[in-house]
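Now for the letters of each chain:
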Protein chains: 2
Amino acid sequence: MKRWLLLLSIFVCLPAMSDEGMWMPIQLPEIEDELRATGLEIDPASLSKLTEHPMAAVVDLGGCSASFVSPNGLIVTNHHCVYGSLQYLSTPEKNLLQDGFLAGDLDEELPIGPGSRVRVTVDVTDVTKKVRKGLDELDGAERYDRIERRRKEMVAACEEDDGHRCRLFSFYGGLQYYLVKQLELRDVRMVYAPALWIGRFGGDIDNWMWPRHTGDFSFYRAYVGADGKPADHAESNVPYKPKHFLKTSPEGVEDGGFVMVTGYPGSTGRYRLAAEVENTFTWSYPMRRKSFDRRLEIIEEHTKDRPDAKIKYASMVGGIQNANKNTQGMLDGYARSNMLERRRALEKELQAWIESSPEIRKKHESSLRDLEALIKEQQSTRERDRLLVALSRSTLASTAGTLYRMSREKELDDIDREPSYQERNWPRIKARMQRMDRRFDPRVDRALWHDAIVQYMELPADQRVPEFDKFLKLGKGVDGLEARLEKMYEKTRLDEQDHRLELLEATPKQLEASEDPFIQLAVALYDFRRAREAKQEAISGEFNALRPAYMETMLEFLRSKGRAVYPDANSSLRVTYGTVKGYSPRDGIVYEPFTRLEGIAEKFTGEEPFAPPAKQMELIDEGHHGRFSLDSIESVPVNFLSTVDTTGGNSGSPTLNSKAELIGLLFDGTYDSINSDWDFDERTTRAIHVDVRYMLWVMEHVDNAHHLLVELGVPASM
Amino acid sequence: MKRWLLLLSIFVCLPAMSDEGMWMPIQLPEIEDELRATGLEIDPASLSKLTEHPMAAVVDLGGCSASFVSPNGLIVTNHHCVYGSLQYLSTPEKNLLQDGFLAGDLDEELPIGPGSRVRVTVDVTDVTKKVRKGLDELDGAERYDRIERRRKEMVAACEEDDGHRCRLFSFYGGLQYYLVKQLELRDVRMVYAPALWIGRFGGDIDNWMWPRHTGDFSFYRAYVGADGKPADHAESNVPYKPKHFLKTSPEGVEDGGFVMVTGYPGSTGRYRLAAEVENTFTWSYPMRRKSFDRRLEIIEEHTKDRPDAKIKYASMVGGIQNANKNTQGMLDGYARSNMLERRRALEKELQAWIESSPEIRKKHESSLRDLEALIKEQQSTRERDRLLVALSRSTLASTAGTLYRMSREKELDDIDREPSYQERNWPRIKARMQRMDRRFDPRVDRALWHDAIVQYMELPADQRVPEFDKFLKLGKGVDGLEARLEKMYEKTRLDEQDHRLELLEATPKQLEASEDPFIQLAVALYDFRRAREAKQEAISGEFNALRPAYMETMLEFLRSKGRAVYPDANSSLRVTYGTVKGYSPRDGIVYEPFTRLEGIAEKFTGEEPFAPPAKQMELIDEGHHGRFSLDSIESVPVNFLSTVDTTGGNSGSPTLNSKAELIGLLFDGTYDSINSDWDFDERTTRAIHVDVRYMLWVMEHVDNAHHLLVELGVPASM
C-alpha cells in the first residue's frame, strides 16, 4: 500500500471539474463560460456544428483521428497511425518505413492499399426515443434483441445513401442514442512521412514517457471520383475537396496557452461503480498481467532460434507488451490513488441524495442498488468466463468457429444476422481469412492453446464444457492431451489459405461432414456457444435497463450540484480543452511543458529507436533553429504537455489553439495518465502533443517539403 | 558517442569559475569578492583561521567530516558515518542500528569502541621549503626516499606532543607541503541516531540519486580525561569543551541562498593531464567495471545457498556494487561531456602560453612535455601492473605478505620503516589480523584468487613473475592449479586468529622456516615485491619532480589570467561555497532544489529501504509540519541541492549559511556529479544536503529528543 493516499482528503470525485471532460460537440454551449475562461476566442457554439468549421475538418481513420489541413484534401495524422500503410508500401529495396517518404507532386502520391478509409462525419441524429421505445416491458434477452434489431435497421437505412457508413452510439450506458453518419472516402494516398526514427523516435522505450521527442506526424490525401463522390482507388480520381479544413498556425502555443483537441476517443470508465473498479483493479488487471506474461513466455520459448516464427508473432508480442505496460500503468496509477475510496464516497453521497426527498426517492430509489446487484452477479462467474475466452486462443480453433458460424448465419436474412456476420462486414472476415498465415505458426499456436486448456482444466468439473471435454477426451485430465493436439494440428487443413476461403462459402451441412478436427470441434461446440451467447446477451439486456437508470440518477445528482456532465468515451467525436502545462510526477521533480531540439541530441545513440537521420543531427548540432523557434525555450519545441482529457483513439487528433488553428497533434499520454481512463487526476493527467513548429521545422529543414509548406499556408517567404 | 557534445563550443576549462573550488582556508581572502558576491556575510578572513570560529568547530572522523555543535562536545555528522558504530553497538536483542538510539542523558551515551577517533585540527604549517630542500639534485629513487624520510621525521617530531596525530600533506602534486597537527580525541560516544530507515531511507536504490529523502544525520559526543586532555574511554571522563562550536540555525536556507561546506574531501583529478584522463576513462574505468562484475559473479556463485559465507562477503559485495555504480557514473559523465577535448585544448593553450615569451619559455619550457612522457612510460606497463595487483586478491596471500613484511620491517629502526609498518600503525595491523575471520571464507577466497591467477597467466611469459610461477608450478599453464590451490587452503593455518597474532610477533627466520604454504609464498615473493616497490618508488620520485614543475607552470598560467587556483582535494581541510539550486539533468526535466516530507510517503513501501518508523508515517499522513516548515514549499524540507564543490570524505561536513551557522549536512552528490572529481560542470554538478529543518523535525516529533534540541539552542519554547 502506498501510504500517501491517506494524505488526500477523501473528496468526492465530481466529473467536469478543471480540464476534465471529453465533451460531445453539442454540449459545448453548456460549458461556454469555462471554455472562454480557459482562453477560447471563437464562439463555442461554432464548435457544436459538425458540418461547420472546425469540426467538419476532423476525420476518423478507424482507431485514429485526423484532420483536413488544405482545400485539396491533405490530411494530417500521427506517424503511428500511418505505420501500417508505410509497412504495406515498403519493400526491401525501397524501405519507405525506414527512410520516410515525400511525394514530389500529386502523381507521386501512393495509394495505401485496399481497406483504407477516411470517414467524415456528416450527420449526427438523436435517436434515443426510437431506440428505447417500449423497452421497459421487455426482459433482458428480449431487450437485447430489440435494441440490436433496431440498431441494424437504422444502420441499414442510413447506409442506403451510397458511400456512407453509419453507426449507432449509446451514451451514458444506454441513456441516450445517436446515429452517426459518415462519408467514407476509400481512395487514400500517402503524401509524406518523416524517417522512421523521427516519426517513432524513442520507440517503445519512450512510449508513454516524458520527456518525449517524437515527430509523430504524417500526411495522407483523400481522393474521390471525378464526380466528387467516394470511389475505390483509380488513376482518374481527384483530390477530395473538403468543405472545411484547419488553418495551420506556425506560431504554435506558449506555456499556459489554451489548447483544444477534437477526435475519436475510444473508451473510458469514469462512471463505473466502485464494485466494478474494485473488480477491475484487484482482479481483472492483475489476472491480465499474469496471462500476458505467461503468453509472452510461451511465445518466447517456442520462437527461440526460429526467426520465421518470431517474425510472425512480432506483432502479437509487441501488442501484448504494449498492453502489458498499459495494464501496469493502470495498476501503478491505482496504487497511488485513492480512487476506490472516492468512488465509494461518491456512491454514499449519491445514495444520501436519493434518500434526501420523497420525489427523488420515488424516481431513483433502487437504481444504484439494482445495478450493483447485477454487477455482482456478473462477477460471480468471472473466473470461468475468463478461462472460456482463453480457450479461443488458438487461431485455428477460432478460425474454425468463425467459418461454421458464418455458414449458419448465412442461412438467415441479413437483418437477422449477428452484426459482425452481416453482409457489410463480409469483406473484413474474408480479409482476416486471407492474412491469417502471416501471423500463425502451428507450434506456437498449439503451445498457447495447450496452456489455455491446462488452465481451463482447473475449473470444477460442473463448470467445464462437456462438449469440449468429450471432444478432447479430457475426462481423466490432461494426460495425452499434447499428443491429441498434435494430431489435430497435423490433420487440419485450415492452415491453407485457399482451403479457408473455400470453407467460407460452405454450407452448414458441408462443414458438419468435414473431417477437419477444428471444424468438427467448432460444430460440436456450436450449441454450447450459442446458448452461452444468449445468456450473455440477456445479461447485456439487463444492463441495458439498469445502467441508463443509474446514469439518469447520477446525472440528475450532478446537475443538482450545477455540473455539466460529459459521457464516457465511446469512439464518437468529442472535444476536450485545457492548457499547455507541465507537472510534478513526484516530489522533487518537475516535468517541463516543452521539450527542445537539443533533447533529441541528448538521447541520440545512433541505434534504434534513437537513430534520427544524419541530416537532422547535423542541423541540431549546428543549432539550426530557423523560423520555428520558441523564444522562451530558446529552441524549436518538439513535444509539449497539456491538460486535455484524452484516451486511445484520440491519436492523430488535431491540437487547436484558441482560434481553432492547428498547432500540433495529440499522440500520447504520460505514464502517470494511463489511469485517467478511470479517474482523471488533474495534478498528473497530461496529454503529449507533437508541436506544429517541430513538424514544420522537419518539413522545411530535414525533408525539404517546401511544396507542402505552401499547401499548408506556411511558405518560406512568409 | 553522444553527439550533443559537439553542440558545446569547445571552451577551455579554467578552474575557479562559478562555484567550483575546494579552497584551502588560507586561500579564502584571495576570493573575498566572489564569496561576498555569492552572499557571505561574515569576514572571509575569519574563515582562514583554523583555531577560530567557525573552522575550529570542524573535525575529522577519518573518512568523514563532522562538527561541534554545542559547548559540551556534541558532534553532528552523517548517519552513514556512524553506521559502523551502530553496527558495533547492536545486538540481536537490542538492534540500535535498526531502531535508532537516543541517550536520555550523558550517562546513557554509549562508547563506540576502540579505534574511534575525533580529530581537531590545531595547527597547519607550511613546510614546503623543509621538504623540498635539495631535492632537485636527486634521482627518482633518492628523491622518493628523501621525501619519505623527511615526512616521517616531521610527523614523529610533531606527534611528540601527546594526544596528537600529525600528517604531511602535499598540494599541487608536491609543489607545496603542509604539516597538519590534529588533537586526537579517543573517547567518542553515541548520543543519538534516528531509525535506520530514516537515516538510510532509500538505501542503495537512492544512493547518488535525486529526488532524495534521506535523514542522513547522527550525533556523537567527544570525551576527555578530567584534566581536559585526550584519554582512552573511562567512566571518569568528561565531555570535551571545544573552543568553538557551530550555532544551529532552525531557519535553514531558501532556494538561491548562500551555502558553504567545510570538511575533508578525499581526492580529485582536476589538474590531471589529457593523457591521464584518456587512460582513466578509456582503459582503467572500463577494466575496473569488468573486474568488479567478474568478482561479483564469482562471489555470487560461491556463496549461493551458503548464508554464512554470504554474510561474510556482504560488506565486500556492497562495496564493490557501490564502487561499480560510481565507476559507471564516471563513464556516463565522461560520455556526455567533452572533457578530453577540453583538457587537450587547455594543454594546447598552456603550451602556447609557455612559448609566448622567452622568460616564460625559459622557466617552463618542458614541464608539460616531460610530465606527459613520464605518464606515458607509466601507462606502458598498465596491464601487467593491474594483473599483479589482482594477485593479492586472496586474503590469505595478502595476510601472509603482511606478516612476513612486518617481521622484516621490525628489524629496522622505526624511522627507517615503511610508514604503514611504523609503530604508530601497529594497532591497525593487529586489528586487521583480528577481524579477518569475519570477512573470509576459504572457498570464495580461493575462487577469487584462482580467477586472478588465470587472468595473470595471459601475460606474456617474460612479464610474469618467475618466483610466483615456480611456486604454483605454472610453467605449463593452469593445469592442476585448482588442486594445488585446494591443497594450500587445506594446509594453511592463517585462517586461525590466534595463529595470525602469534605470527605477527615472529622473526623473519621463524617465518622462513614455516611450513604454511602462504607464508612460504610470501617469503618466495619478498625480493621480487621489494624490487618492484623500489621501482614504483623511483617512478613516484620522478613524478615528485615533474608534477610540481607542471603545476607551477599551470598556476602561473592561470594566474596570468587573473584566476585564483585551488589545489586538488587531498583529504585536508577545505572550504567550498555556492548556492541552493536545482538543475535540469536532461531536456524536459527539472530537479527542484528541495524535497518535502510528503515525498517520503510517496516512496513508502513498508519494506527496506523505504520503511521509516510507523510514527513518522503517521505524522506525515497527518500533515504535521510543525515549526520547521519552509513556506515556499509548504512543507518541511528534507534534502536540498546546492552548487558546492565536494567529493568523498566531505560526508558529514556541516553546511553553513552566510553567517556560518549550521543549516544542514552534506551527505552525497547527484549521479550527474560523480564525474566532477575530474571535471566540474556547473550546469549539472550538485551536492545533496540533509536540511537542518528535517533533522530538527525528526528530533522533535519522531524521536522526542527535546534535551538535544535544548543543547543545540533550539528549545521548543523558542
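The rules behind the values
- Residues numbered from 1 in each chain as written.
- Chains lettered and ligands numbered in written order.
- Predicted model: local features only at pLDDT ≥ 70, side-chain atom pairs only at ≥ 80, totals over all residues.
- Heavy atoms only, no water.
- Pairing = 2+ DSSP bridges.
- Helix = DSSP H or I, 4+ residues; strand = E, 2+ residues; numbered from the N terminus.
- Axes fitted to C-alpha atoms, helices over the stretch in contact; angles between N-to-C directions.
- Contact = heavy atoms within 4.5 Å.
- Buried < 20%, exposed > 50% of the residue type's maximum accessible area, 1.4 Å probe, protein only.
- Polar contact = N/O pair within 3.5 Å; in protein donor to acceptor, adjacent residues only side chain to side chain.
- Domains from an automatic or database assignment.

Engineer: Which residues make up the sheet that holds strand β16 (residues 637-642) of chain A, and what values do they have?
Structural biologist: All names here are of chain A. If you trace the 7 strands from one edge of the open sheet to the other, you get β13-β12-β17-β18-β19-β16-β15, paired in antiparallel fashion. In the strand order of this sheet, the two ends are held by β13 (574-579) and β15 (594-596), each with one partner. When strand polarity is set aside, the average angle formed by the axes of neighbouring strands in this sheet is 30 degrees. Pairing of strand β17 (residues 654-656) with strand β18 (residues 662-669), which is carried by 3 bridges, proceeds in the antiparallel orientation. For Leu656, the partnering residue across the bridge sits in β18 and is Leu662. Across the sheet, helix α24 (residues 692-702) is in contact with β15, β16, β18 and β19 (687-691); its angle to β19 comes to roughly 35 degrees.

Engineer: Please give an account of the side chain of Arg693 of chain B that cites residues and values.
Structural biologist: Residues and elements named next belong to chain B. Following the sequence through the fold, Arg693 ends up in helix α24 (residues 692-702). Among the residues examined, Arg693 registers a relative accessible area of 2% and is labelled buried. A distance of 2.7 Å separates a polar atom in the side chain of Arg693 from a polar atom in the side chain of Asp691. Those residues in contact with Arg693 that lie beyond four places of it in its chain are Pro250, Glu251, Gly252, Val253, Phe594, Phe628, Leu630, Val636 and Pro637.

Engineer: Give a detailed account of the sheet that holds strand β15 (residues 589-591) of chain B, specifying residues and quantitative values.
Structural biologist: Pairing between the strands of a sheet is mediated by backbone hydrogen bonds and can be parallel or antiparallel. Spatially, 3 strands are ordered β14(A)-β15(B)-β14(B) in an open sheet, and the strand pairing comes out antiparallel. Single-partner strands in this sheet number two, and they are β14 (589-591) of chain A together with β14 (583-586) of chain B. Recorded for the sheet is a direction-independent mean angle of 35 degrees between the axes of neighbouring strands. Pairing of β14 of chain A with β15 of chain B involves 3 bridges; the strand directions are antiparallel. Each bridged residue has a counterpart across the sheet, and for Tyr591 of chain A the counterpart in β15 of chain B is Ile589 of chain B.

Engineer: Quick rundown of the domain arrangement of chain A? Include the residues and the values.
Structural biologist: We note that the domain assignment places domain 1 (1-117 + 186-264 + 573-718) and domain 2 (274-544) within chain A. For domain 1 of chain A and domain 2 of chain A, the distance between their C-alpha centres works out to 34 Å.

Engineer: Could you give an account of unusual backbone geometry, with specific residues and numbers?
Structural biologist: Here Glu608 of chain A and Pro609 of chain A are connected by a cis peptide whose omega angle stands at 5 degrees. Structurally, the position occupied by Pro609 of chain A is in the loop between α22 (597-603) and α23 (614-621). With an omega of 5 degrees, the peptide bond running from Trp210 of chain B to Pro211 of chain B counts as cis. Relative to the helices and strands, Pro211 of chain B resides in the loop between α7 (203-206) and β10 (218-224). Positive phi, close to 50 degrees, is recorded for Lys473 of chain A, a residue that is not glycine. Mapped onto the secondary structure, Lys473 of chain A falls in the loop between α17 (466-471) and α18 (481-491). With a phi angle near 50 degrees, Tyr172 of chain B is a residue other than glycine that sits in the positive phi range. With respect to the helices and strands, Tyr172 of chain B occurs in the loop between β7 (164-171) and β8 (176-185). With relative accessibility at 5%, the residue Tyr172 of chain B sits in the buried group.

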